[in-house]
Amino acid sequence: MRFSVLVSAAMLAAVSSAAFGQFDPPANYYSTATGTGTTLKSQLHNIIDNHTVIGYSSNREELRDLDQDPTDPSRFVLVYNRQSLPNSTSNSNWNREHTWPRGRGVDSSGPDNADLHQLRSSNISVNSDRGSLNFGGSFGQSFGQVGSFWYPGEEDAGNIARAQFYMAVRYDGSDSSTIDLELSTGNPSLSSDSLGDLNSLIDWHFAVPPDTFEQRRNDRVFDLYQGNRNPFVDHPEWAWSVIMDQQNDTRLALQGGTTAGNGSSSLDFNYGAVLVGTPMPGPESVTITETGNDGTYYSVTPTGDATSSIIGRLNAFRPNRTGSQAITVGLDANTSVAGEYTGTVTIDNLDITTGGGAGRGANDGDDTIDLSLTVLNHAAPSFSPSSAVTTLDIDLGSVELGANAASAALTLANVANNPSFQAALDVIEITGEGDTDRFGLSLTPATGPGALPAGLTRQFFAGMLTDQLGEFSVTYTIATADQDLPGRAFTDLTLTLTGEVIPAPLSADFNNDGVVDTADYTVWRDGFSTGDLTLSDYQAWRDEFGMSQPAAAAAPTPEPGSTFLLATLLAAGATLDSRGKKMAQ
């Protein structure tokens, strides 16, 4: 697509403004323009004819307004050489150019003679040099005569072409003092009452899409003066069907995309998930390619959160060349706010002809670029499901020597602040300081698929061995982090466990003096006689005779042992999430 290199910065800025409809026609203005080819030409003629005619002798003030200098409203610009003159310039220092000359079918007394869509402010000598020459020449030259043709200059080439398309549709000889104006290829003679060169004009039409100068001019001719519009400024995509043929063969595609048989293609940029505060993924450069010999206009429309460096309907590829256009797409997203950002950029070949074949012209399916990004809040590790508790002290109490392992049920939570857009929680590492040989946890590191989703909890158990007397303590550091994403945050949870193992009471110390001796036998004998004690109690007295408290070394070994019981407890309490599902360890 050459025009992006060749046109002025003002023209390029105009493409963006056009997307906002500043100079769009009224909603129903073209409602009856539903056909193609000669049918559409007739429909457009009926829409734009019978306009208000501003007399040729009194239209200079209108031209000063219509040709307003885009950079200075107090001046107006002349066609071809783009000279800028103050509005106060005397009429004797400029004149009016019939872009469709009087010598090529425009009558001096008909409405075509004073039609503001084709009349332009002009330098007197430049006007004289042009005379009635046909338009022609290669795009990109300086304005002026090129052989036997007149080249209007790079900035005016497109709007000059569209003015001639307008004239060929507006004037069919039905108005008094007019003839049927026609465009021809080559260099038609004056006697033919036609204007050329059509091939050059159609090329210029695609080389330079309408800019704000041309759009404003068209809108003011309609709104303030004549009450009609140039359809090829409002809908430049109609030109090929009306002026050329019904076999437009253009096809647009996204380079590197997946292409379907109807000509549509697609690209998908899924950036996945990022954490709040991390840099946004960079924009993507995408190339739109065009194949086919004809020219076409295309629209670029971002929806949702998508952005594009080119937007609107006034984008074109020139005929008789393979074109490409790079655009930059991205997402209008802010990683300081969690959420999901999605959008689509749609490229639509706007040609309306259907004779070019499958996937060509109007049969060319839309090309789409899908973009998506999820921004996640950080995980919120806690020992509580409802608030941030990062330090916890648990006293397992006093447990008798040899009893089942002392234990407590605990909770690891990823506290929800926005569960749909919050990172899962990884348990990276668990380390302990203190009496680590006396305690154990069922919680183990869990990352990746084992990460804890936002809003869920994981139950685990802490236990203490009871095979030694004493007071014991351990502090566990549970290192956690957001799921493995750039910018992840790390948080340590601290769990302190304390507990005491006390001697178990002697079962045969019937008088509770801390010693099993003959005095306890006397108590047993009296109790046996009353039925309060049994032969089993006698056997216990025999087994414990001579024992006293404390007696850890002589304590009987429980079955099953405390170490075994602790391992069994922790295994039975294997990590569960709040849905009761076993998490990967």
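Reading guide: rules and limits
Residues numbered from 1 in each chain as written. Predicted model: local features only at pLDDT ≥ 70, side-chain atom pairs only at ≥ 80, totals over all residues. Heavy atoms only, no water. Helix = DSSP H or I, 4+ residues; strand = E, 2+ residues; numbered from the N terminus. Buried < 20%, exposed > 50% of the residue type's maximum accessible area, 1.4 Å probe, protein only. Contact = heavy atoms within 4.5 Å. Arc of directions from axis to C-beta. Polar contact = N/O pair within 3.5 Å; in protein donor to acceptor, adjacent residues only side chain to side chain. 1 Å grid on protein atoms, 1.4 Å probe; cavity = no way out; pocket = protein on both sides within 12 Å on 5 of 7 lines; lining within 4 Å. Points joined across faces, edges and corners; volume = space filled by probe spheres on them. Nonpolar A, V, L, I, M, F, W, Y, C, P; charged D, E, K, R; others polar. Pairing = 2+ DSSP bridges. Salt bridge = Lys/Arg side-chain N within 4 Å of Asp/Glu carboxyl O. Core = buried A, V, L, I, M, F, W, Y, C linked by side-chain atoms within 4.5 Å. Axes fitted to C-alpha atoms, helices over the stretch in contact; angles between N-to-C directions. Parallel < 35°, antiparallel > 145°, perpendicular 65-115°, else oblique. Phe/Tyr/Trp six-rings, centres within 6.5 Å; stacked < 30°, edge-to-face > 60°. Lys NZ or Arg CZ within 6 Å of the ring centre and 35° of its normal.

Visitor: Any details on the environment of I502? Residues and values, ideally.
Guide: Position of I502 relative to the elements: it lies in strand β28 (residues 490–502). For I502, a relative accessible area of 28% translates into the label partly exposed. Taking the C-alpha atoms as reference points, I502 and F222, separated by 280 residues in sequence, lie 101 Å from one another. In contact with I502, other than residues within four places in its own chain, are S398, V399, E400, L401 and L469.

Visitor: An account of helix α12 (residues 535–544) is requested, with residue identities and associated values reported.
Guide: All buried positions along α12 are accounted for by A540, W541 and E544. All buried residues of α12 fall inside an arc of 105° around its axis, so they share one side. Residues of α12 that are exposed and angled more than 90 degrees away from the buried face: L535, R542 and D543. In this structure T534 caps α12, since a side-chain oxygen of it lies 3.2 Å from the backbone nitrogen of S536. Residue G546 follows α12 closely and has a positive phi angle near 90°.

Visitor: Lay out the side chain of E237 with the relevant residues and their values.
Guide: Mapped onto the elements, E237 comes out in the loop between α9 (231–234) and α10 (239–244). Residue classification places E237 among the buried positions, given a relative accessible area of 7%. With residues up to four places along the chain from it excluded, the contact list for E237 reads Y297, R313, L350 and D351.

Visitor: Mind laying out empty space enclosed by the protein, listing which residues take part and the relevant values?
Guide: Scanning the model with the defined rule gives three cavities of 30 Å³ or more in all. Taken as a whole, the largest cavity holds about 150 Å³ of empty space. Every residue lining the largest cavity is counted, 14 residues in all, and those nearest its centre are H117, N159, A163, E214 and R217. Here the residues of the lining of the largest cavity are counted per class, giving four nonpolar, six polar and four charged.

Visitor: So what's going on with the sheet that holds strand β1 (residues 68–69)? Residues and values would help.
Guide: In spatial order, the strands read β1-β2-β3; together these three strands make up an open sheet with antiparallel pairing. Edge positions in the sheet fall to β1 and β3 (84–86), since each of these pairs with one other strand and no more. Bridging between β1 and strand β2 (residues 72–77) involves two bridges; their strand directions are antiparallel. Pairing of Q68 across the sheet is with F76, part of β2.

Visitor: An account of the pairing of strand β27 (residues 470–482) is requested, with residue identities and associated values reported.
Guide: Pairing of strand β24 (residues 425–434) with β27 involves nine bridges; the strand directions are antiparallel. Looking across to β27, one finds that I430 is bridged to I478. Note that β27 and β28 share 12 bridges and pair antiparallel. When the bridges of β28 are listed, A479 appears paired with D492.

Visitor: Requested: an account of the pattern of salt bridges, with residues and values cited.
Guide: Under the definition given, this model contains 20 salt bridges. Two residues, R120 and D67, come together in a salt bridge whose shortest N-O distance is 3.4 Å. Highlighted residues: R120 in strand β5 (residues 119–122) and D67 in the loop between α4 (60–66) and β1, separated in sequence by 53 residues. For R120, a relative accessible area of 4% translates into the label buried. On the basis of relative accessibility, which here comes to 0%, the residue D67 falls in the buried class. When the shortest N-O distance is used, the salt bridge between D467 and R438 registers 2.5 Å. Highlighted residues: D467 in the loop between β26 (457–464) and β27 and R438 in the loop between β24 and β25 (439–441), separated in sequence by 29 residues. The class of R438 is buried, set by a relative accessible area of 6%.

Visitor: Pulling in residues and values, what's your account of the environment of L535?
Guide: Here L535 is to be found in helix α12. Residue classification places L535 among the exposed positions, given a relative accessible area of 57%. Remark: the alpha-carbon pair of L535 and F269, spanning 266 residues in sequence, is separated by 84 Å. Those residues in contact with L535 that lie beyond four places of it in its chain are W524 and F528.

Visitor: An account of the nonpolar core is requested, with residue identities and associated values reported.
Guide: L44, F135, F165, L183, W204 and F232 are the most contacted members of the largest nonpolar core, which has 46 residues in total. Elements that contribute at least two residues to this core include exactly α3 (37–48), β8 (149–151), α6 (157–170), α7 (198–207) and α10. Per-element accounting of this core gives the leading share, eight residues, to α6. Beyond its immediate stretch of four places on either side in the chain, F232 contacts L44, R162, F165, Y166, V169, H205, P210, W238, A239 and V242. Counting 28 residues, the second-largest nonpolar core is a separate cluster that includes F383, L396, F439 and V474.

Visitor: How would you explain the sheet that holds strand β15 (residues 296–304) if you had to name every residue and give the values?
Guide: Adjacent strands of a sheet form backbone hydrogen bonds with each other and so pair up, either parallel or antiparallel. With mixed pairing, the six strands of this open sheet are ordered in space as β12-β13-β20-β19-β15-β17. Looking at which strands have only one partner, the edges of the open sheet turn out to be β12 (258–259) and β17 (312–317). Sheet topology note: the β15/strand β19 (residues 339–349) ladder contains seven bridges and is antiparallel. Directly across from G304, in β19, lies its bridge partner G343.

Visitor: Go over the packing of helix α11 (residues 518–530) against α12, please, and point to the residues and values.
Guide: The N-to-C vectors of α11 and α12 enclose an angle of 175°; their axes lie 10 Å apart at closest approach. Here α11 is positioned roughly antiparallel relative to α12, judged by the angle of their axes. Where α11 abuts α12, its residues T518, D520, Y521, W524 and F528 lie against L535, D537, Y538 and W541. Class assignment of the residues belonging to the contact of α11 with α12 gives a composition of six nonpolar, one polar and two charged.

Visitor: Could you give an account of the packing of aromatic side chains, naming the residues involved and the relevant values?
Guide: Counted under the stated rule, the structure contains 19 aromatic pairs. Their ring planes at 80° and their centres at 5.8 Å tell us that F165 and F232 sit as a pair that is edge-to-face. With a gap of 67 residues between them, F165 in helix α6 and F232 in helix α9 connect regions that are remote in the sequence. This pair shows no difference in class: F165 is buried, exactly as F232 is. Residues W541 and F545 carry aromatic rings whose centres are separated by 5.2 Å and whose planes lie at 65° to one another, so their mutual orientation is edge-to-face. For W541, a relative accessible area of 12% gives the class buried. Grouping aromatic residues by their ring pairs yields a cluster made of Y521, W524, F528, Y538, W541 and F545. For R60, the ring lying beneath its charged end belongs to W94, and the centroid distance is 4.7 Å. Above the ring of Y56, the side-chain terminus of R102 is found at 4.9 Å from the ring centroid.

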